[in-house]
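A structural walkthrough
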Amino acid sequence: QVQLVESGGGLVQPGGSLRLSCAASGTILSVYAMRWYRQAPGKQRELVAGISGGVVADYADSVKGRFAISTDNAENTVALQMNTLKPEDTAVYYCNADIQTVPGARGQYWGRGTQVTVSS
């Protein structure tokens, strides 16, 4: 079994910063990619940022220049540094990972999410 556990969410004022972290644990042979998604009330879940092999794959246009994704492959963790936060960044943020657990078994795993609220 694989578990992804997010941390670091909370309430922040507009213009502030938060750092989210996600740790993968369990039976892990390889981690191919890690991503952050978010879902705001009444909206579909959207990809925020992704990283694979230490190379950032992409950022959503709405967060470019403000958010930065990073990973520690040795620890199977991924972080999302969020700066200059806006009220429209308010959402539940989910960690996602593409993980191989044993040879021939590779799948997508999700964390339970962490709430980020940007409000004055």
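For the structure itself, look to the data block above.
Analysis parameters
- Residues numbered from 1 in each chain as written.
- Predicted model: local features only at pLDDT ≥ 70, side-chain atom pairs only at ≥ 80, totals over all residues.
- Heavy atoms only, no water.
- Helix = DSSP H or I, 4+ residues; strand = E, 2+ residues; numbered from the N terminus.
- Buried < 20%, exposed > 50% of the residue type's maximum accessible area, 1.4 Å probe, protein only.
- Polar contact = N/O pair within 3.5 Å; in protein donor to acceptor, adjacent residues only side chain to side chain.
- Contact = heavy atoms within 4.5 Å.
- Disulfide = S-S within 2.5 Å.
- Core = buried A, V, L, I, M, F, W, Y, C linked by side-chain atoms within 4.5 Å.
- Salt bridge = Lys/Arg side-chain N within 4 Å of Asp/Glu carboxyl O.
- Pairing = 2+ DSSP bridges.

1. Some details on the environment of Gln 3
With respect to the element layout, Gln 3 can be found in strand 1 (residues 2–7). The spacing of Gln 3 and Arg 112 is 109 residues in sequence and 9.4 Å in space, taken between C-alpha atoms.

2. Quick look at the side chain of Asn 96
Among the structural elements, Asn 96 can be located in strand 9 (residues 91–102). Exposure remark for Asn 96: the relative accessible area of 2% places this residue in the buried category. At 3.1 Å, the side chain of Asn 96 and the side chain of Gln 108 are in polar contact. The contacts of Asn 96, once residues within four sequence positions are left out, are Leu 4, Ala 33, Met 34, Arg 35, Tyr 37, Gln 108, Tyr 109 and Trp 110.

3. Comments concerning the state of the cysteines
This model, assessed by the stated rule, comprises one disulfide. Across a sulfur-sulfur distance of 2.1 Å, Cys 22 and Cys 95 are joined as a disulfide pair. Between Cys 22 and Cys 95 the disulfide shows an S-S torsion of about -80 degrees. By sign, it is left-handed. Taken as a pair, Cys 22 in strand 3 (residues 18–26) and Cys 95 in strand 9 lie far apart in primary sequence, 73 residues in all. Look at Cys 22 and you get buried, because its relative accessible area is 1%. In this structure Cys 95 comes out as buried when scored by relative accessible area, which is 0%.

4. Here's the deal with the nonpolar core
If you look at the biggest cluster of nonpolar residues, it comprises 29 residues, and the most contacted ones within it are Trp 36, Leu 80, Met 82 and Tyr 93. Every element with two or more residues in this core is listed here: strand 1, strand 3, strand 4 (30–39), strand 5 (46–52), strand 7 (67–72), strand 8 (77–82), strand 9 and strand 11 (114–118). In terms of residues, this core owes the most to one element, strand 9, which gives five residues.

5. A few points about the pattern of salt bridges
Inspection of the entire model under this criterion finds five salt bridges. Across the pair Glu 46 and Arg 38 runs a salt bridge whose closest N-O atoms are separated by 2.6 Å. By relative accessible area, which is 33% here, Glu 46 ends up partly exposed. Arg 38 sits in the buried class, given a relative accessible area of 5%. The partner of Lys 64 in a salt bridge is Asp 61, with the nearest N and O atoms 3.2 Å apart.

6. With respect to the pairing of strand 3
Strand residues, when the strand is regular, have side chains that alternate between the two faces of the sheet. Note: strand 1 against strand 3, six bridges, orientation antiparallel. By the bridge assignment, Val 2 is partnered in strand 3 with Gly 26. Alignment of strand 3 against strand 8, held across six bridges, turns out to be antiparallel. Each bridged residue has a counterpart across the sheet, and for Ala 23 the counterpart in strand 8 is Thr 77.

Distances and angles like these do not, on their own, reveal function.
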